[in-house]
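# Breakdown of the fold
Spelled out from the first residue to the last, the chains are:
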Amino acid sequence: MRLLLIADVHLERPFKWLGHARGAERRRELRDALTRAVDCARDYGVDAICIAGDLFERENAPPAVGEFLRATFARVRPIPVLIAPGNHDYFSTGCLYDRISWPSNVHIFRDAPPRPCPVADGTIWGAAFIGPERYQSPLENFRVDGEGLHLALLHADIMDGESSSPYGPLAPEEIERSGLALALLGHVHECRVEETRRFAYPGSIEPLDLSEVGSHGALLVEISRSGYSIQHLALARRTVIHAEIDISSISTIRELSELFAAQRAQWDGNDVRLRVLGSLQGELLIHPEAIREALDGLDVDLALDVWPAEDLDSLARQRTTLGAFVRAVREKIAQATDGSDARRWEDVLAAGLAAFHGHEVILK
Ligand SMILES: [Mn+2]
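### Side note on the coordination of the manganese ion
The coordination sphere of the manganese ion contains the protein donors Asp-8 (OD), His-10 (NE2), Asp-54 (OD) and His-189 (NE2), at a distance range of 2.0 to 2.3 Å. For the manganese ion, all donor residues lie on one chain, and their spacing in sequence is D-x1-H-x43-D-x134-H. Of this pair, Asp-54 sits in the loop between β2 (48–51) and α2 (63–74) while His-189 sits in the loop between β10 (182–186) and β11 (192–194); the two residues are 135 residues apart in sequence, bridging distant segments of the chain. Assigned by exposure class, Asp-54 and His-189 land together as buried.

### With respect to the side chain of Asp-54
In this structure, Asp-54 is buried with no salt-bridge partner, the nearest side chain bearing the opposite charge being Arg-13 at 7.1 Å. At 2.8 Å, the side chain of Asp-54 forms a polar contact with the backbone nitrogen of His-88. Those residues within four positions of Asp-54 in sequence are excluded, and the remaining contacts are Asp-8, Val-9, His-10, Gly-86, Asn-87, His-88, Asp-89 and His-155.

### Some details on the domain arrangement of the chain
Note: interface size is frequently given as the accessible area lost on complex formation between the parts. Domain boundaries assigned for the chain yield domain 1 (2–234) and domain 2 (240–356). Taking the mean C-alpha position of each, domain 1 and domain 2 sit 47 Å from one another. The tally of links between domain 1 and domain 2 comes to one salt bridge. In this structure, Arg-26 engages Asp-271 in a salt bridge whose closest nitrogen and oxygen atoms are separated by 3.0 Å.

### Quick look at the pairing of strand β15 (residues 240–246)
Regular strands place side chains that alternate from one sheet face to the opposite one. By the bridge criterion, seven bridges tie β15 to strand β16 (residues 271–280) in an arrangement that is parallel. Considered in β16, the bridge of Asp-246 is made with Leu-277.

### Describing the side chain of Arg-27
Mapped onto the secondary structure, Arg-27 falls in helix α1 (residues 19–44). Buried charge Arg-27 goes without a salt bridge, the closest partner of opposite sign being Glu-12 at 4.4 Å.

### Description of the packing of helix α9 (residues 321–335) against helix α10 (residues 339–356)
Packing of α9 against α10 brings their axes to within 9 Å, and their N-to-C directions diverge by 170°. Between α9 and α10, the angle falls in the class roughly antiparallel. Between α9, through Thr-321, Leu-322, Phe-325, Val-326, Val-329, Lys-332 and Ile-333, and α10, the contact on the second element is made entirely by Ala-342, Trp-345, Glu-346, Val-348, Leu-349, Gly-352, Leu-353 and Phe-356. Here the contact of α9 with α10 is composed, by residue class, of 11 nonpolar, two polar and two charged.

### Looking at the sheet that holds β15
Pairing is parallel across the open sheet formed by three strands, whose spatial order is β15-β16-β17. This sheet does not close on itself; its edge strands, each paired only once, are β15 and β17 (300–308). Put simply, the sheet's adjacent strands are angled 10° from each other on average, direction ignored. Direction of pairing for β16 relative to β17: parallel, over a ladder of nine bridges. Residue pairing for β17: Val-272 is matched across the bridge by Val-300.

### So, the packing of aromatic side chains
Describing an aromatic ring pair means giving the distance of the ring centres and the angle of the ring planes. Using the criterion set out here, one finds seven aromatic pairs in the structure. Ring plane angle 70° and centroid distance 5.0 Å describe the contact between Trp-125 and Phe-142, whose orientation is recorded as edge-to-face. Residue Trp-125 is found in strand β6 (residues 122–126), and its partner Phe-142 is found in the loop between β6 and β7 (149–155); the two are separated by 17 residues along the sequence. Every member of this aromatic cluster is reached through a ring pair, and the members are Phe-56, Phe-73, Tyr-97 and Trp-102. Here Arg-26 stacks its cationic end above the ring of Phe-15, 5.5 Å away from the centre of that ring. Arg-58 extends its terminal NZ or CZ atom over the ring of Tyr-90, reaching a point 3.7 Å from the ring centre.

### Observations regarding the nonpolar core
Counting 42 residues, the largest nonpolar core has Leu-55, Leu-69 and Phe-73 as the members making the most contacts within it. Looking at this core, the element that brings in the most residues is α1, giving seven residues. What Leu-55 contacts, discounting residues up to four positions off in sequence, is Val-9, His-10, Leu-11, Leu-34, Leu-69, Phe-73, Ile-83, Asp-89 and Tyr-97. By size, the runner-up hydrophobic cluster in this structure holds 24 residues, among which are Ala-52, Val-119, Ile-124 and Leu-151.

### Digging into α2
Taking 1.5 Å per residue as the helical rise, α2 with its 12 residues ought to reach 16 Å, and the 17 Å between its terminal C-alpha atoms agrees with that figure. All of the buried residues along α2 are Val-65, Gly-66, Phe-68, Leu-69, Thr-72, Phe-73 and Ala-74. If you follow the buried residues of α2, they end up packed against α1, β2, β3 (81–83), α3 (96–99) and β4 (106–108).

### Some thoughts on the pattern of salt bridges
In the structure shown here, the tally under the stated rule is 24 salt bridges. The partner of Arg-275 in a salt bridge is Glu-244, with the nearest N and O atoms 2.9 Å apart. Of the two residues, Arg-275 is situated in strand β16 and Glu-244 in strand β15; the sequence distance between them amounts to 31 residues. Among the charged side chains, a salt-bridge network with shared partners connects Arg-26, Glu-29, Arg-238 and Asp-271.

### Regarding the environment of Ile-100
Of note, Ile-100 is situated in the loop between α3 and β4. Taking the relative accessible area as the measure of exposure, Ile-100 reaches 13% and is therefore buried. Between the C-alpha atoms of Ile-100 and Gly-66, which are 34 residues apart in sequence, the distance is 6.3 Å. Each residue touching Ile-100, except ones within four places of it in the same chain, is listed here: Gly-66 and Arg-70.

Conventions adopted
- Residues numbered from 1 in each chain as written.
- Predicted model: local features only at pLDDT ≥ 70, side-chain atom pairs only at ≥ 80, totals over all residues.
- Heavy atoms only, no water.
- Donors = N, O, S within 2.8 Å, 3.2 Å for Na, K, Ca; no water.
- Helix = DSSP H or I, 4+ residues; strand = E, 2+ residues; numbered from the N terminus.
- Buried < 20%, exposed > 50% of the residue type's maximum accessible area, 1.4 Å probe, protein only.
- Lys, Arg positive; Asp, Glu negative; His and termini not counted.
- Salt bridge = Lys/Arg side-chain N within 4 Å of Asp/Glu carboxyl O.
- Polar contact = N/O pair within 3.5 Å; in protein donor to acceptor, adjacent residues only side chain to side chain.
- Contact = heavy atoms within 4.5 Å.
- Domains from an automatic or database assignment.
- Pairing = 2+ DSSP bridges.
- Axes fitted to C-alpha atoms, helices over the stretch in contact; angles between N-to-C directions.
- Parallel < 35°, antiparallel > 145°, perpendicular 65-115°, else oblique.
- Nonpolar A, V, L, I, M, F, W, Y, C, P; charged D, E, K, R; others polar.
- Phe/Tyr/Trp six-rings, centres within 6.5 Å; stacked < 30°, edge-to-face > 60°.
- Lys NZ or Arg CZ within 6 Å of the ring centre and 35° of its normal.
- Core = buried A, V, L, I, M, F, W, Y, C linked by side-chain atoms within 4.5 Å.
- Expected span 1.5 Å × (residues − 1).

In structure tokens, the structure reads:
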């Protein structure tokens, strides 16, 4: 049996942190990612497309989303599309899932306990969230009969240890105990495949916020009674990048623009969490707002951790502990016997000043 597993598409996510226009663009990108996944399933000739919940965010999803889903899944007929609703798209009478006239290849699991759906030479057992929370394990009191190939399609939170979860807590041991060969899961937004413990999360199809680093997409699952293999397909167009830039050594807006321009090709079209740090001098001390302006047009979440460059002469005149520190270290720099000795004392001065001001100590 060959399957394409996706989960956590989160269609209609608000993306409030990006504002209205960029949020709308991002919602289009999520629909595009689902379209790519469906095309990919057809190219690989899978026996079914499995969707492990959080396909859309039901509080934001208008009927147009239902129409988009209907049309998208109709295009891959006769490939079956199995959907196990999660906490964001839980099933209830009259919900979006219930209102669409689905094509014959779409199968939506509507009940909280696992229900069977035959696929190729095996059976896929799917369970639904029927409310925004689920405190019981989706495999509670569940056991498959017979020798066949049995898989589960669930939105669930794998529990290592004793902790509980409002999102379908599932202990890995329950999977094997139930007689299942593999659990195809949604809920965790990071790709996680554990072959020995028999579960796989594809993760969100595109990164949904700045914490979702790593590769995103779908899983291609090949499974028979003798074993299985799972391959990650990187379908996402975006990547989350975490970057840090120290601007202590520059003093003009032009140098700053050049510094960012060098990163633009890598950052453009991705989600960047950028920390700009260091001491401000020259033009940047007068116009610190230039830092934010130089990032215009990029999806950058900026954290500024900057402080004015020190006026050492006036510090050295202070009758304070800081003043005494500056005087003492400057004397050491003046007495340095060679360049490397002087640099070492300059480091001491920089680190000491940063520590006095409660800034992070940066040694070059
Ligand atoms: Mn989710």
